Amino acid sequence: MTSVRAGRTFTAVAAGILVAAGLAAVEAPAAQAAATSTITVDYGADRGPATQIASGFLHGISATSPAQYLVDGVKVRSLRGADYHPNLPSLYDTATYQRVSATGANLRVGLYYYTANPSSPYRSYRPGDNGNFSTWTTIVNGVVSEAEQKGYRVNAWIPWNEPEAQWGSRYTTTYFQAHKVAYDAVKARNSSYRVEAPELSAYNFTKLQQFLIYCRDNRCLPDVLSWHELNPTTTDVPGHTAQIRSWMQANGITPMPIAITEYQGSTYGNPDAWAAGPNVRWLAQFERSVPNGLEDALTSDWDYIGDDSNFIATLGNSADKATGTLPKGVWWNYNTYKTMTGRMVNVTSSSATTVDALGSLDTGQRRGVLLIGNQTAGDQDVSLRLNNASALALSNVVHVRAERISNASTLSAPTVVFDADVTLASGGATVPLGTLPGNAVYKVLVTPATTSAPVTRYEAESLPMTASPGLAGRVFTEAGASGGAAAALDGTARGQYLQFTLPVSTSGVYDLRAVLKRLTNRAFHALYIDGVMVGPPQDGYGNVGYYGTDYGTVSLAAGNHTVRAVAVGKNPSSTGYVMVFDRFDLVRVG
């Protein structure tokens with residue numbers, strides 16, 4: 001066996017390295033549609049810190065589903081309690097709590113009981129029945145007390161869900177009283193506990209005014225103002241948040257943070273609840289609402305109807321309903337959204353209701369990230385304009401990689417449609433991306449061009465290697481492999497891993513690339529560096545052959561790092577869980 005020594009550093013045409021290794025084929029742009037939507041990104045127009053504000057999920061995680069890599073691959077900023085669980089009120093069972101708490105999410109819990117639960121002693125009771133609110137006080141104290149005893153960290157308590165729909169004409173009377181009783185009970189236990197209300201089923205300016213006036217006059221203003229925005233296509237979220245904030249300022253109420261605790265979708269089982277293209281406009285609208293006080297936004301979870309006994313938590317409709325182990329197209333939106341770090345930047349569209357977008361700039365990580373979503377069922381031609389992009393350039397050249405995320409019920413990988421260096425003129429450039437199919441998305445990564453960047457190459461077979469207990473990595477020789485050899489794990493099940501030790505000589509920001517080998521018995525794997533998932537998961541299923549992939553930019557300190565590839569599933573057509581790694585390349589970009 002011959003191999004190139006691990007950790008060798010040299011200067012090369014980095015893009016050419018991957019092309020020579022068999023980088024995923026780049027499609028020629030499709031025929032142009034009748035009209036072009038121009039997306040303009042201004043990297044010089046700062047819109048505030050990137051916080052993934054809309055990466056929240058309703059009932060998205062249980063103790064066993066979805067698959068852990070689907071959770072690790074997104075930013076779980078906020079999660080609302082498990083209303084599907086039989087132990088309602090919607091306090092988390094211990095196993096679920098431990099799993100969701102590990103994400104660091106803002107956890108929201110409903111105080112209300114679930115009347116369909118046959119074991120509930122309060123099944124037939126509703127706050128205020130026959131003027132009785134004492135039982136309601138008992139319920140509220142019971143839920144909060146249980147959380148305290150178990151050491152649960154709860155970000156906000158929700159007295160009731162969609163009260164104007166459930167209480168009807170009693171919304172302004174009995175519900176308001178029930179809110180105050182719950183508010184007083186929670187605050188009596190700990191004044192720092194946050195109460196979130198009224199959790200309306202839709203934005204209703206009049207009903208929010210009524211609620212806030214009552215709360216102002218009765219000393220029970222919520223710490224977080226909340227409602228739902230449920231619709232197949234986006235409503236005017238920035239307009240709604242601006243309107244109610246302005247009204248509060250004019251009426252003696254200090255505006256509190258706002259949470260949209262359910263968004264997107266019209267009804268259970270309707271695909272519009274997980275349409276990938278329209279989802280981008282939802283994300284963009286929430287980002288535009290941050291100046292109006294928006295704190296969190298949580299996508300709906302409408303794959304299952306009510307208390308369906310077959311319920312599988314799907315991270316807000318983003319995992320497949322059958323197994324909870326494979327990503328839908330929309331999951332890739334949130335996977336991309338996770339990489340929008342640093343600062344959000346100004347992004348405009350020449351026809352936002354047709355094609356909308358949002359984007360970020362992270363000068364530390366040397367990357368700009370964009371999501372561009374087709375809001376329609378028809379094809380739309382898209383052109384991308386980059387302004388003030390010099391912060392991402394080396395020698396006045398940037399690299400643009402665009403991938404198409406299809407609106408699919410399961411999607412193992414987006415399709416690369418553009419992958420090339422682009423020369424800037426006066427700090428800007430125009431990139432024609434071609435036709436974006438109905439309800440589909442472009443994921444765009446803008447990074448420094450690395451034509452002359454130093455590359456450290458590691459032959460996988462030469463790196464220290466360990467595997468899951470009971471398994472061992474193997475090295476095999478093959479003429480088509482870089483250095484004449486590659487490393488493999490003959491996996492047999494999901495969860496098995498192959499781990500390498502990667503020595504890094506110099507601290508810096510690197511573009512992590514790899515050469516893998518496809519075949520029909522390959523696993524779907526996720527890559528973890530020092531325990532943190534990086535880049536998108538990779539589907540190794542396909543016609544036999546070596547190919548290059550890009551896990552994105554990572555900051556690595558000098559020293560040894562663990563690189564673990566975990567078999568997280570397999571393509572439905574794959575016959576096994578084998579993984580093959582030929583080499584890793586670290587391209588220095590910062």
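Residues numbered from 1 in each chain as written. Predicted model: local features only at pLDDT ≥ 70, side-chain atom pairs only at ≥ 80, totals over all residues. Heavy atoms only, no water.

**Regarding the overall build of the protein chain**
Condition: Counting from the N terminus, the helices are the DSSP runs of H or I reaching at least four residues and the strands are the DSSP runs of E reaching at least two. Using C-alpha atoms as the atom set, the radius of gyration is obtained and then compared with a globule rule of 2.2 Å times the number of residues to the power 0.38. A simple rule labels every residue: compare its accessible area, found with a 1.4 Å probe on the protein chains alone, to the largest value its type can have, and call it buried under 20%, exposed over 50%, or partly exposed in between.
Tallying secondary structure elements over the protein chain gives 10 helices and 29 strands in all. Whereas a compact globule of 590 residues would reach a radius of gyration of roughly 25 Å, the protein chain reaches 25 Å, a difference of no more than 12%. Overall, the C-alpha framework of the protein chain stretches about 85 × 55 × 40 Å when taken along its three principal axes. Out of the 590 residues belonging to the protein chain, those deemed buried represent 58%.

**Points about the sheet that holds strand 23 (residues 497-504)**
Worth spelling out the cut-off: Strands pair, by our definition, only if DSSP identifies at least two bridges between them. Between N-to-C directions, angles cover 0 to 180 degrees, with each direction set by a line fitted to C-alpha atoms, over the stretch in contact for helices. Throughout, a residue-residue contact means that at least one pair of heavy atoms, one from each residue, lies within 4.5 Å.
The strand order across the open sheet formed by 5 strands is 20-23-28-25-26, and the pairing between neighbours is antiparallel. Two strands in the sheet have a free side with no partner beyond their single neighbour: strand 20 (465-467) and strand 26 (532-539). Averaged over all pairs of adjacent strands, the angle between strand axes in this sheet comes to 25 degrees, irrespective of strand direction. The pairing of strand 25 (residues 524-529) with strand 28 (residues 559-569) spans 6 bridges and is antiparallel. If you follow His525 over to strand 28, its bridge partner there is Ala567. Sheet contacts for helix 10 (residues 329-338): strand 25 and strand 26; angle to strand 26, the most-contacted strand, approximately 145 degrees.

**Comments concerning the pairing of strand 23**
By the criterion of burial, strand 23 is predominantly enclosed, with 6 of the 8 residues buried. Sheet topology places strand 20 next to strand 23; 3 bridges connect them, and they run antiparallel. The residue of strand 23 that forms the bridge with Met465 is Phe500. Strand direction decides the pairing type here: strand 23 and strand 28, joined by 8 bridges, are antiparallel. Bridging from a neighbouring strand, Leu498 pairs with Ala565 of strand 28.

**Some remarks on the nonpolar core**
The nonpolar side chains of a soluble globular protein tend to be buried with one another. Going by this rule: Only buried residues count toward a nonpolar core. Its members are Ala, Val, Leu, Ile, Met, Phe, Trp, Tyr and Cys residues joined through side-chain atoms within 4.5 Å.
The biggest cluster of nonpolar side chains holds 98 residues, and the ones touching the most others in it are Tyr69, Trp136 and Phe286. Ranked by residue count, the leading element in this core is helix 6 (residues 171-189), at 8 residues. Leave out the neighbours within four places in its chain, and Trp136 touches Leu111, Tyr112, Tyr125, Pro127, Pro159, Trp160, Ala178, Val181 and Ala182.

**Remarks on helix 4 (residues 134-150)**
What counts, and what does not: The span you would expect from a helix comes to 1.5 Å times its residue count less one.
End to end, helix 4 covers 24 Å across 17 residues, agreeing with the expected 24 Å (1.5 Å per residue, within 8%). Among all positions of helix 4, only Trp136, Ile139, Val140, Val143, Val144, Ser145 and Ala147 are buried. On the buried face of helix 4, the contacting elements are strand 5 (106-110), strand 6 (156-158) and helix 6. At the exit of helix 4 stands Gly151, carrying a positive phi of roughly 75 degrees.

**Quick look at the packing of helix 4 against helix 6**
Packed helices, taken two at a time, are described by the angle their axes make and the gap between the axes. Worth spelling out the cut-off: Definitions for this section: a left-handed crossing has its near helix turned counterclockwise from the far helix by less than a right angle. A right-handed crossing has that turn clockwise. Gly falls in the polar group here, along with every residue not listed as nonpolar (Ala, Val, Leu, Ile, Met, Phe, Trp, Tyr, Cys, Pro) or charged (Asp, Glu, Lys, Arg).
Between helix 4 and helix 6, the shortest axis-to-axis distance is 9 Å and the interhelical angle comes to 35 degrees. Crossing angle aside, the handedness with which helix 4 passes helix 6 is right-handed. From helix 4, Trp136, Thr137, Val140, Asn141, Val144, Ser145 and Glu148 reach across to helix 6, where they touch Ala178, Val181, Ala182, Ala185, Val186 and Arg189. In the contact of helix 4 with helix 6, the residues fall into 8 nonpolar, 3 polar and 2 charged.

**Concerning the state of the cysteines**
For clarity, the cut-off: Whenever a pair of cysteine sulfur atoms sits within 2.5 Å, that pair is classed as a disulfide.
Scanning the model with the defined rule gives 0 disulfides in all. Of the cysteine sulfurs around Cys215, a residue in no disulfide, the closest is that of Cys220, at 3.7 Å.

**Digging into the side chain of His228**
Inclusion rule: Counted as a polar contact is a pair of N or O atoms within 3.5 Å, where, for protein atoms, one must be capable of donating a hydrogen and the other of accepting one, and residues adjacent in sequence contribute only when both atoms are in side chains.
By secondary structure assignment, the location of His228 is in strand 8 (residues 224-229). Here His228 falls in the buried class, since its relative accessible area comes to 0%. In this structure the side chain of His228 is engaged in a polar contact, spanning 2.9 Å, whose partner is the side chain of Glu162. With sequence-adjacent residues up to four places away left out, His228 is seen in contact with Arg80, Asn161, Glu162, Glu199, Leu200, Ser201, Ala202, Tyr203, Ile260, Thr261 and Glu262.

**Some words on the packing of aromatic side chains**
Definition in use: Each Phe, Tyr or Trp ring, with Trp reduced to its six-membered ring, pairs with another whose centre is within 6.5 Å; inter-plane angles below 30 degrees give stacked pairs, above 60 give edge-to-face pairs, and intermediate values give tilted ones. Charge-over-ring placement is defined geometrically: NZ (Lys) or CZ (Arg) within 6 Å of the ring centre, and within 35 degrees of the ring normal.
One pass over the structure, following the stated rule, counts 25 aromatic pairs. Both rings, one in Phe581 and one in Phe584, keep their centres 5.8 Å apart while their planes meet at 25 degrees; by these two values the pair is stacked. Taken together, Tyr112, Trp136, Trp160, Trp167, Tyr171, Tyr175, Phe176, Phe211 and Tyr214 form an aromatic cluster joined through their ring pairs. When the ring centre of Trp167 is taken as origin, the NZ or CZ atom of Arg126, which lies over that ring, is 5.1 Å away. Taking NZ or CZ as reference, Arg564 lies 3.6 Å from the ring centre of Tyr497, over its face.

None of the figures reported here should be taken as evidence of function without further support.
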